[in-house]
Amino acid sequence: MGEAVAAYRALLRATRRTFAGDSLMLSQSAAEVRRHFDEHRDETDETKIREHIDGAREAVHFVSNMIVQAKLSSRGTYEVKPEKDHAGATLEVPSEEILKKSV
């Protein structure tokens, strides 16, 4: 149980760090993390519990290393500033439609 709580907290920290300053993504990612953990709260099969915890750890890695938040600059363009954790990762530029929805 303690390991599941640690994975939950680590995933929430990863989303807060990745989506800092984006209130929509912060609230939606926190709700999605909560929904997923609540969905499996009553799981008793140790193998499935281990799979869920491992999946949460993979999600922490993915959110921390594969997602970069673009920020609207004063020039009206979006800037992406990958951090050292993102080195070597392929950056996928979101479509204009997705970017407009996030503003």
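Residues numbered from 1 in each chain as written. Predicted model: local features only at pLDDT ≥ 70, side-chain atom pairs only at ≥ 80, totals over all residues. Heavy atoms only, no water.

The chain carries the name Complex 1 LYR protein domain-containing protein in an unreviewed UniProt entry, which gives Acorus calamus as its organism. As its UniProt record puts it under Subcellular location (unreviewed entry), the chain is described as follows: "Mitochondrion matrix". (UniProt positions renumbered as here; feature names shortened; annotations may be inferred.)

Trainee: Please explain the overall build of the chain as it appears in this structure.
Mentor: Scanning the chain from terminus to terminus reveals four helices and two strands. Starting at the N terminus and ending at the C terminus, the chain contains elements arranged as α-α-α-β-β-α. Evaluated residue by residue, the chain yields a buried proportion of 19% over its 103 residues. Of all intrachain contacts in the chain linking residues separated by at least 6 positions in sequence, the fraction that spans at least 24 positions is 46%. Entry remark: accessible area of the chain is about 7800 Å², with carbon and sulfur atoms responsible for 54%. (Helix = DSSP H or I, 4+ residues; strand = E, 2+ residues; numbered from the N terminus. Buried < 20%, exposed > 50% of the residue type's maximum accessible area, 1.4 Å probe, protein only. Contact = heavy atoms within 4.5 Å. Areas by Shrake-Rupley, 256 points an atom, 1.4 Å probe, with all protein chains shown as cover.)

Trainee: Explain the nonpolar core here, please?
Mentor: What tends to happen in soluble globular proteins is that the nonpolar side chains get buried as a cluster. Counting six residues, the largest nonpolar core is built from L11, L12, A14, V33, V60 and V63. Of all the secondary structure elements, the ones that give two or more residues to this core are α1 (2-18) and α3 (46-66). Looking at which element gives the most residues to this core, the answer is α1, with three residues. Apart from the residues lying within four places of it in its own chain, the contact partners of L11 are V33, F37, A56, A59, V60 and V63. (Core = buried A, V, L, I, M, F, W, Y, C linked by side-chain atoms within 4.5 Å.)

Trainee: Help me out: how do you make sense of the side chain of S64 in this one?
Mentor: Among the structural elements, S64 can be located in helix α3. Reaching out from S64, the side chain makes a polar contact with the side chain of R17 at a distance of 3.3 Å. A polar side-chain atom of S64 sits 2.9 Å from the main-chain carbonyl oxygen of V60. (Polar contact = N/O pair within 3.5 Å; in protein donor to acceptor, adjacent residues only side chain to side chain.)

Trainee: Looking at this model, I keep getting lost on the side chain of S29. Mind explaining?
Mentor: When you line up the elements, S29 lands in helix α2 (residues 23-39). Classification of S29 by relative accessible area gives buried; the value is 11%. A polar side-chain atom of S29 sits 2.7 Å from the main-chain carbonyl oxygen of M25. At a separation of 3.2 Å, a polar atom in the side chain of S29 contacts the main-chain carbonyl oxygen of L26. In contact with S29, other than residues within four places in its own chain, are T15 and F19.

Trainee: What's the story with the packing of α1 against α3 in this structure? I'm lost.
Mentor: The description of two helices packed together rests on the angle between their axes and the distance between the axes. Across the interface, α1 lies against α3 with an axial gap of 9 Å and an inter-helix angle of 15 degrees. Looking at the two axes, α1 sits roughly parallel to α3. Viewed along their axes, α1 and α3 form a crossing whose handedness is left-handed. Taking contact as the criterion, the partners of E3, A4, A7, A10, L11, A14, T15, R17 and T18 in α1 are, on α3, R50, I53, A56, R57, A59, V60, V63 and S64. Of the residues assigned to the contact of α1 with α3, the class counts are 10 nonpolar, three polar and four charged. (Axes fitted to C-alpha atoms, helices over the stretch in contact; angles between N-to-C directions. Parallel < 35°, antiparallel > 145°, perpendicular 65-115°, else oblique. Left-handed = near helix turned anticlockwise from the far one by under 90°. Nonpolar A, V, L, I, M, F, W, Y, C, P; charged D, E, K, R; others polar.)

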